[in-house]
There are 4 protein chains.
Amino acid sequence: MSAEKVFSGKEVATHNSRKSCWIIVHGKVYDVTEFLDDHPGGSKIILKYAGKDATHEYEPIHPPDAITTNLPIEKHLGSVDLGTVEKVEVQITDAEKARQERMALIPPLEEILNLHDFEAIAKMVMPEKAWAYYSSAADDEITIRENHAAYHRIWFRPRVMRDVSTVDYSTTIFGQKTSMPVYITATALGKLGHKDGELNLTRAAAKHDVVQMIPTLASCGFDEIVDAAVPGQSQWLQLYVNTDRVVTKRIVQHAEERGIKALFITVDAPQLGRREKDMRQKYEAEGPAEQTRAGGDVDRSQGAARAISSFIDPGLSWKDVAWFKSITKMPLILKGVQCWEDALEAYDQGLAGVVLSNHGGRQLDFARSGIEVLVEVVAHLGEKRGLRFPNEKFLLFVDGGVRRATDVLKAVALGATAVGVGRPFLYAFSAYGTEGANRALQIFKDEFEMNMRLLGAPTLKDVVPTMVDASNVHTHIVAVPGDNLYNNNYETMPPARLRELKAKL
Amino acid sequence: MSAEKVFSGKEVATHNSRKSCWIIVHGKVYDVTEFLDDHPGGSKIILKYAGKDATHEYEPIHPPDAITTNLPIEKHLGSVDLGTVEKVEVQITDAEKARQERMALIPPLEEILNLHDFEAIAKMVMPEKAWAYYSSAADDEITIRENHAAYHRIWFRPRVMRDVSTVDYSTTIFGQKTSMPVYITATALGKLGHKDGELNLTRAAAKHDVVQMIPTLASCGFDEIVDAAVPGQSQWLQLYVNTDRVVTKRIVQHAEERGIKALFITVDAPQLGRREKDMRQKYEAEGPAEQTRAGGDVDRSQGAARAISSFIDPGLSWKDVAWFKSITKMPLILKGVQCWEDALEAYDQGLAGVVLSNHGGRQLDFARSGIEVLVEVVAHLGEKRGLRFPNEKFLLFVDGGVRRATDVLKAVALGATAVGVGRPFLYAFSAYGTEGANRALQIFKDEFEMNMRLLGAPTLKDVVPTMVDASNVHTHIVAVPGDNLYNNNYETMPPARLRELKAKL
Amino acid sequence: MSAEKVFSGKEVATHNSRKSCWIIVHGKVYDVTEFLDDHPGGSKIILKYAGKDATHEYEPIHPPDAITTNLPIEKHLGSVDLGTVEKVEVQITDAEKARQERMALIPPLEEILNLHDFEAIAKMVMPEKAWAYYSSAADDEITIRENHAAYHRIWFRPRVMRDVSTVDYSTTIFGQKTSMPVYITATALGKLGHKDGELNLTRAAAKHDVVQMIPTLASCGFDEIVDAAVPGQSQWLQLYVNTDRVVTKRIVQHAEERGIKALFITVDAPQLGRREKDMRQKYEAEGPAEQTRAGGDVDRSQGAARAISSFIDPGLSWKDVAWFKSITKMPLILKGVQCWEDALEAYDQGLAGVVLSNHGGRQLDFARSGIEVLVEVVAHLGEKRGLRFPNEKFLLFVDGGVRRATDVLKAVALGATAVGVGRPFLYAFSAYGTEGANRALQIFKDEFEMNMRLLGAPTLKDVVPTMVDASNVHTHIVAVPGDNLYNNNYETMPPARLRELKAKL
Amino acid sequence: MSAEKVFSGKEVATHNSRKSCWIIVHGKVYDVTEFLDDHPGGSKIILKYAGKDATHEYEPIHPPDAITTNLPIEKHLGSVDLGTVEKVEVQITDAEKARQERMALIPPLEEILNLHDFEAIAKMVMPEKAWAYYSSAADDEITIRENHAAYHRIWFRPRVMRDVSTVDYSTTIFGQKTSMPVYITATALGKLGHKDGELNLTRAAAKHDVVQMIPTLASCGFDEIVDAAVPGQSQWLQLYVNTDRVVTKRIVQHAEERGIKALFITVDAPQLGRREKDMRQKYEAEGPAEQTRAGGDVDRSQGAARAISSFIDPGLSWKDVAWFKSITKMPLILKGVQCWEDALEAYDQGLAGVVLSNHGGRQLDFARSGIEVLVEVVAHLGEKRGLRFPNEKFLLFVDGGVRRATDVLKAVALGATAVGVGRPFLYAFSAYGTEGANRALQIFKDEFEMNMRLLGAPTLKDVVPTMVDASNVHTHIVAVPGDNLYNNNYETMPPARLRELKAKL
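Per chain, residues are indexed from 1 in the order of the written sequence. In the order they appear in the text, chains get letters beginning with A and ligands get numbers beginning with 1. Under the rules for a predicted model, residues below a pLDDT of 70 receive no local features and side-chain atom pairs below 80 are neither given nor counted, while totals for whole chains, interfaces and linings still include all residues. Side-chain calculation: all heavy atoms of the structure are included, whereas hydrogens and water are not.

**Quick word on the overall build of chain A**
In step 1: Helices and strands together make up the secondary structure of chain A, namely 21 helices and 16 strands.
In step 2: The reference for a compact globule is 2.2 Å times residues^0.38; the radius of gyration itself is calculated from the C-alpha atoms. Here the C-alpha atoms of chain A give a radius of gyration of 25 Å, agreeing with the 23 Å that 2.2 N^0.38 yields for 505 residues.
In step 3: By residue count, 66% of the 505 residues in chain A fall in the buried class.
In step 4: Residue exposure ignores everything except the shown protein chains as possible cover, and the areas themselves are Shrake-Rupley values with a 1.4 Å probe. Taken as a whole, chain A presents about 18,300 Å² of accessible surface, with 53% of it coming from carbon and sulfur.
In step 5: We score Asp and Glu as negative and Lys and Arg as positive, and we do not count His or the chain ends. To locate a charge, take NZ of a lysine, CZ of an arginine, CG of an aspartate or CD of a glutamate. Charged side chains in chain A number 60 positive and 67 negative. The centres of these two groups are separated by 2 Å. Segments assigned H or I by DSSP are reported as helices when at least four residues long, segments assigned E as strands when at least two residues long, and all are numbered from the N terminus. The buried label applies to any residue whose accessible area, calculated with a 1.4 Å probe on protein chains only, is under 20% of its type's maximum; exposed applies above 50%, and partly exposed to all values in between.

**Examining the packing of aromatic side chains**
In step 1: Two aromatic rings, drawn from Phe, Tyr or Trp (for Trp, its six-membered ring), form a pair once their centres lie within 6.5 Å of each other, and the interplanar angle then sorts them: stacked below 30 degrees, edge-to-face above 60, tilted otherwise. Under the definition given, this model contains 76 aromatic pairs over all chains.
In step 2: Ring centres 6.0 Å apart and planes at 50° place the aromatic pair F174(C) and F397(C) in the tilted group. Taken together, the residues F174(C) in the loop between strand 6 (171–173) and strand 7 (176–178) and F397(C) in strand 14 (residues 395–399) connect sequence positions 223 residues apart.
In step 3: Ring geometry for Y169(D) against F448(D): centres 5.5 Å apart, planes inclined by 20°, an arrangement best described as stacked. Separated by 279 residues along the polypeptide, Y169(D) in the loop between strand 5 (155–156) and strand 6 (171–173) and F448(D) in helix 19 (residues 423–455) bring together distant segments of the chain.
In step 4: A residue is classified by how much of its surface remains accessible, and Y169(D), at 14% relative accessible area, is buried.
In step 5: Judged by its relative accessible area of 0%, F448(D) is buried.

**Here's the deal with the domain arrangement of chain A**
In step 1: Domain boundaries in chain A define domain 1 (6–84) and domain 2 (115–288 + 302–469).
In step 2: Domain delimitation in this document rests on an assignment produced automatically or drawn from a domain database. Measuring from the centre of the C-alpha atoms in domain 1 of chain A to the corresponding centre in domain 2 of chain A gives 34 Å.

**Comments concerning the sheet that holds strand 2 (residues 22–25) of chain B**
All names here are of chain B.
In step 1: Paired strands, as defined in this entry, are two strands with at least two bridges between them according to DSSP. Pairing is mixed across the open sheet formed by 4 strands, whose spatial order is 1-4-3-2. In this open sheet, the two edge strands, each paired with only one partner strand, are strand 1 (6–7) and strand 2.
In step 2: Where strand 3 (residues 28–31) lies against strand 4 (residues 76–80), 3 bridges are found, and the strand directions are antiparallel. Bridge pairing in strand 4 places K28 opposite S79.

**A short note on the relation of the copies chain C and chain D**
For these two chain copies, the linking operation is a rotation about an axis paired with a shift along it.
In step 1: To line up the copies, we fit them by least squares on C-alpha atoms, keeping just the residues with pLDDT of at least 70 in both. The operation relating chain C to chain D is a screw motion whose rotation component is 90°, with 0.0 Å of axial translation and a residual RMSD of 0.1 Å. What the rotation and shift describe, once combined, is the action of a four-fold rotation axis. For chain C, the residue whose C-alpha comes nearest the rotation axis is A479(C), separated from it by 4.8 Å.

**Digging into the interface of chain C and chain D**
In step 1: Taken together, the contact between chain C and chain D spans 79 residues of the former and 64 residues of the latter.
In step 2: Basic side-chain nitrogens of Lys or Arg form a salt bridge, by our definition, when they fall within 4 Å of a carboxyl oxygen of Asp or Glu. Our enumeration of links across chain C and chain D arrives at 7 salt bridges.
In step 3: One salt bridge in this structure joins D139(C) and R404(D), with 3.6 Å as the shortest N-O distance.
In step 4: We call two N or O atoms a polar contact when they sit within 3.5 Å, provided that within protein one can donate a hydrogen and the other can accept it, with sequence-adjacent residues counted only if both atoms are side-chain atoms. On the surface where chain C and chain D come into contact, there are 19 residue pairs in polar contact (both at pLDDT 80 or more).
In step 5: Under the scheme applied here, ten amino acids are nonpolar (Ala, Val, Leu, Ile, Met, Phe, Trp, Tyr, Cys and Pro), four are charged (Asp, Glu, Lys and Arg), and all others, including Gly, are polar. The residue inventory of the side of chain C that touches chain D, partitioned by class, reads 40 nonpolar, 19 polar and 20 charged. Whether two residues are in contact is decided by their heavy atoms: any pair within 4.5 Å suffices.

**Examining the interface of chain B and chain C**
In step 1: Opposite the 80 residues of chain B that make contact, chain C presents 63 residues.
In step 2: Our count for the chain B to chain C interface comes out at 7 salt bridges.
In step 3: One salt bridge connects D140(B) with R404(C), and the closest N-O pair in it is separated by 2.9 Å.
In step 4: Linking chain B with chain C are 19 residue pairs in polar contact (both at pLDDT 80 or more), by the criterion used here.
In step 5: Counting only elements with at least two residues in the side of chain B that touches chain C, the list comes to helix 6 (115–125), helix 8 (142–149), helix 12 (276–286), helix 14 (300–309), strand 12 (332–337), helix 16 (340–348), helix 17 (370–385) and helix 20 (484–489) of chain B.
In step 6: In terms of residue count, the dominant contributor to the side of chain B that touches chain C is helix 6 of chain B (5 residues).
In step 7: Among the residues forming the side of chain B that touches chain C, the class breakdown is 40 nonpolar, 19 polar and 21 charged.

Here's what the structure looks like:
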């Protein structure tokens, strides 16, 4: 590798236009002129920083290696003498000021009674674009809500008169003990919500002895996250497979070397979903790019899709399984399986398990919830291969929509080994940092203790299929549209009222 | 044909009363005195133009030949010397002014993220009567909404680990390639929404290589629409069968000569439906006609029904099929079939296919959605005739309620060859003209690419029945009416709140 | 009968207290002292008229013979010289003045597009107590709404390509032609809504050739209603069976003599239901009676129940059928049958038919809708007695919740001979008198013509079971209660907006 | 027992800090220093009364023996000379003043038409913390509402033409007559709502001849409640089993001596549920305790759980049944059974019955309603042991969600002997004292008379399974999440309007 060139801020500053556009990120200089139209976030935002230091803007919304991965090596021009770079003045908008004022008003953590509460507070205090990115989902956002609602179609059949003096909700995954059947699943761009990003989760996972799944698209660097773990702490890696398998091989083998315990290959995202709420927020906040005003159907989303296709491989297929086995000894799990046929194939190909997931509702709208798919997978793999679940040889995980230990216990009763929880932890640390994530895990523990007592199950092995009634889990109904004229005419019976109120009417 | 008489504006102007009422349309003079009470829109609006040039008012809300078709030839009096006709001053109402101001505020097209968005904007910027006409449907508008809702009872079973590097959503209909399994279905009176009317659709269909079905009741003339097509562009014709079969024969054979590729005979409208929202808008905007104030139950709707019955034949029946075969070689498709029995009959009579449709919810309320009927048709024709769908010998189309490529893919998985989309294109061009229609089609393409990837289906042939769970499609449920006293008493758990908010409470 | 005593107004006026309470109604003097505590409406309202002429207050809310029926003959004191009676000044309250002003603003009849519209207007212009009495129903008013909602679980399977040039919706009931399969069912106290009371319905029934069922508790006298009929007009009688069968026999035989065509014996009201909305309106309008303030649980409703039990016989049973057959040749129909077992019994006992009805939801809450019971009755009587419906030997009627001809056609398809409609006609004449009732019937006719065309049924015989899908009619579901914390957190995707609106946000 | 020490108020007042904290309750002095952190209500509220008389605050929210049970005997320091104790000034807050003003405006009892009405009034006039405690339930409060909603999935099949001249709704439970199949079930802390607490219920139960189940956690003393009963009045005892069986034995045998007729052992509360609405009310009203501000996840709820675990035994199991039989001859019933398996076990172990209950929705959210469990229990015990219900050998009770006699009749039809009602009576006496509870019972009686007439059931034996359709009782459905963009676009048909209103639009 040749000696790196060092630029002055002044020189960089001259490349400040669409014709020649350089930017500085973390002290390095990049020529992004040819990349402008491929940038998923549009060219406008880059041009705003043309010739300047974009680190502050870049950092929370990109994985650390986003620019190096996407930009050809010849565009990595060198470094800059930061002392010579003019400071970009960070504007604090009125909206941001108001947000910071709200931040000062958050209630103390002990008033956070459940996971919903984190979201209620985070919604008030997160930057708008962080909220939009975390909370958005695909199309009409039917699936994201169904993920939660599906649990409401499953009811308990608790047992009584069982000694529940002591309750043990710990379990074992891939041969390792964990304090409860919940893991922190992979979610992207943690720094959008809090400056420490994914490290908040690493620390909380350590404290409460649960597993963290590290995302490919973390805001923090992979090694940074691994370094933050305490001795003996389990971490898994979520993997988007790169079209360039050399890159993927490097990532996987590095992860294995660093002690990662399992590899979760994402299979539900050959192309990243459009999340329109997120897009709308961007348009409304930033206005449209100049060039798109001109043409009629300039297709920025296509640009985004293409840009992302450059590193996620839509060609990933069953044929790749053998290759994965050849490059790593880590257990291989497919994340995003959505029907029994694919779960069966994964089993038959000797994989270690599957995550029944629809990517938090962010990919295909009207994909079914993981908990619903679980019921079908358990039934068919039982029938066709004689398997019983939970099963140490082939693990079933579920994620999406979980807010309560009762949700988790339903999944466990139906055969899941553990359940992944994502957004609630993002909301927890966005509002309260690491302590928020800790509190979220503690709430789970409290709820497990309570609810297993009430179920009559002293251990997770006692949480069995007959403890739930899931007979309606496959029911997807919509009420017949209302008869508005009739309903408008119907006058509800008034409730009993205090005399004063009557007088006023 | 004898030499046409030419009137002066002055002479025409003397026939300005209920006793003798002449009007001018496109430079021709018509005696509508005897037609006043049969006019579907009431006599009042005609009398407003008695003795005057009604072209401006007439044009957007009538097919070009409405007056010549409905008025006996002897009432076609001749032409007028337009220079002698007093200009009718077009009043711009306050409402219209406000509308035009809103029109200036529409967001740029790139901010239109989906088909719903066109409707949201069109609702704000369309003339009220255009909105009322396009958006209204039969009776309590249960079916129009069910058309959309039925898709919500169908869920996906996507496959993973399939190579979806390239996705091809093109298909073949009647032996002709088309870019996607979507066609622009026939809808009436396009000029209500935009001055170019149906031509907007012709141009967009050309650009995106999809088929346009030309409506009988287009605002633009049939030849004008055909002339606007580019070489090789496919167009179909939707046909209301005239009681006078000579007229129908002329239309059909003319269409065939002009290169129309298929004839869609509307069978769900022996009488045009009452759309009360549309009627209410008219009454409230214009007030009741004077004469109807007097009597108790003067029946204007009967008048409308009778007027329309004069050209749509309620006597159309299976016996007519042979005659249609005798006058044209175009594939014959019945549009508006609503149960498997009629689909089977159409197949047995050698027709080319059926459109499972309820006329966009505008005819019989509580008719089932096309997508629901599709499931039953595929099942019964499979069982009784051994057919598998999609099938080149007997094509199944579906329309009504479609807003997303996911809707289309559900229909394709269940056996449809293609899906008709109507209102969304009307809204698209009403707000944005041809570019709106283009954008709408591009949105479909983007969604197809994305969603087929997510389904694990590189081509439409890979979109198969097991990719959907339609087990609830026949479920028409209504929740038990609410217990209002109970619900009034129930107090929901308050969410976590910022301290400031609590102080205010 | 001895010569009647004639009192002076002055003498009557001295009996103006709880100790001795006389009132004047229609020129007759009654001693109601002992009846005060049994009065269903409470004693307070009577005491207000003690010693005075109560006719104005009495008339709209009592059947003409209510006082003579309920008061022992010895309390009928004689008549009064009306010239000597002090006029009771009728107070026009502010509420009443406002109501009369609203009455002046009702839209012309031609703007009434459907039966819902009458109710929307009537709600605005009826005296509050009339609205409360007509619109109220039992307990939580679940059944009244279910009556309408049940039709929403039944969907059409229309046929196409059938010659529907002419449509005939007339039918035959008890051997007599009627213009459509709808009859005006019995409802009490017509004068509450309009001064002409039930006569409005008699006139409209004559004009449109439908049957009117005369209620026992009509505001107009039975003979008055019969006298108002035109030659050949069919009328039926609804009967509450009196504990004193002599009275019942007299009523029945008088009806037969007057040409009544069928006797509908009400069997769902051994005790009249509590309609709490009606009760609340009374309490709130009038305040509680003085005496009830004192005690804790004085039970006025018991009083009402007891009072009404004095003329409706809760002991009516199957044993009485033979007696009815012995006193009349009219066809006997049970009104208010609610399960197949009782319909079968009625058939086996040789009755002419049953009305599947829950008394408009006014009796037992959670009684099922007539249309739902129809499905079960047709199935079981078919299976057990080989009957097919509609059936001339044993007629099935349905009432409750009907607002559209489509509702009626569903009932006909499922086996009903005709459908009773009640409240909509009350609302029609309350707002518009006889013309309102006429318009309501005309709307039915227009809808029948339209909808039978769209169903592909030229006559009612063509309206067959396969034309409906009633597979969900027995489904009584309630959604799982909502997760309020989750729903509060969920932020819906904002629709596309005009730029101005965005600026405001 | 040695002579009790007597302190002066002055001496007690010196122990007013976290280091040494004494309080006075009912004239006794307690050292609660070491108990501070274990207090379920937090330490802050105790510290407020450190060194002072806490009786006023203590009384309504604790069972009389709460302090003596939870505090070791050596901390019972002695008594105090009350004359020397400084009076604690009771602050009347603005909220309390407003509440008392509302209390003066409650409508007279005769305007209370149903049980819902009590709740509507109580909500307005109860102290906020009483409302929060009574009305709250577990987690997202799904089960509490489902308890009521489940009755809405059960519909009646009433019979007609049966002699219902006399209606008898009395029944026999454990060999004793009772006026109706309803009992007042156990609910804690009656003095929160009304100063007379549970005695209100004892008096009303006497007047109306129904059974009262005395709660373990009553505000009034057990003997006080028993003493308030009239001769012959039946009372039952609800029992939380103490870890110290000596205590339990003493309670049970004392109850038997006092004439308690049956022992209901609570089995659904090995740990008392978290009721977040109640917790939120407390936090918001009182603010967080000082010490918890410091740490991140101090776990006050754990403290509460531990505190309560000190007297409720989570180790209670089937093995204890024999012991209970050995210490009492009272019929033993398990309260809180939630599946047929446990009901069967109870039967096989020779118990007298079970209450199918989920503790009013206060324990495990998503536990099914008692009425739903009843259906499954009757089916399985019928099938496996040949039992028919109601059954004198093994009684099935149900509680939760009941508001109407129709609810009770559904349970009776399905096999329940009687139904427990709790919260409605709390609301009744909270607003109206004993007279409120009387009125509530009278309303039940009126409704029973009416509804049994309308069902065609002169006695409870005539209320049979075929009188209900419970086929949907197991259906737990959730509608597919709404399509907000579509719904936002849909414009409902406007109702007919008065002209004036139109002008305004």
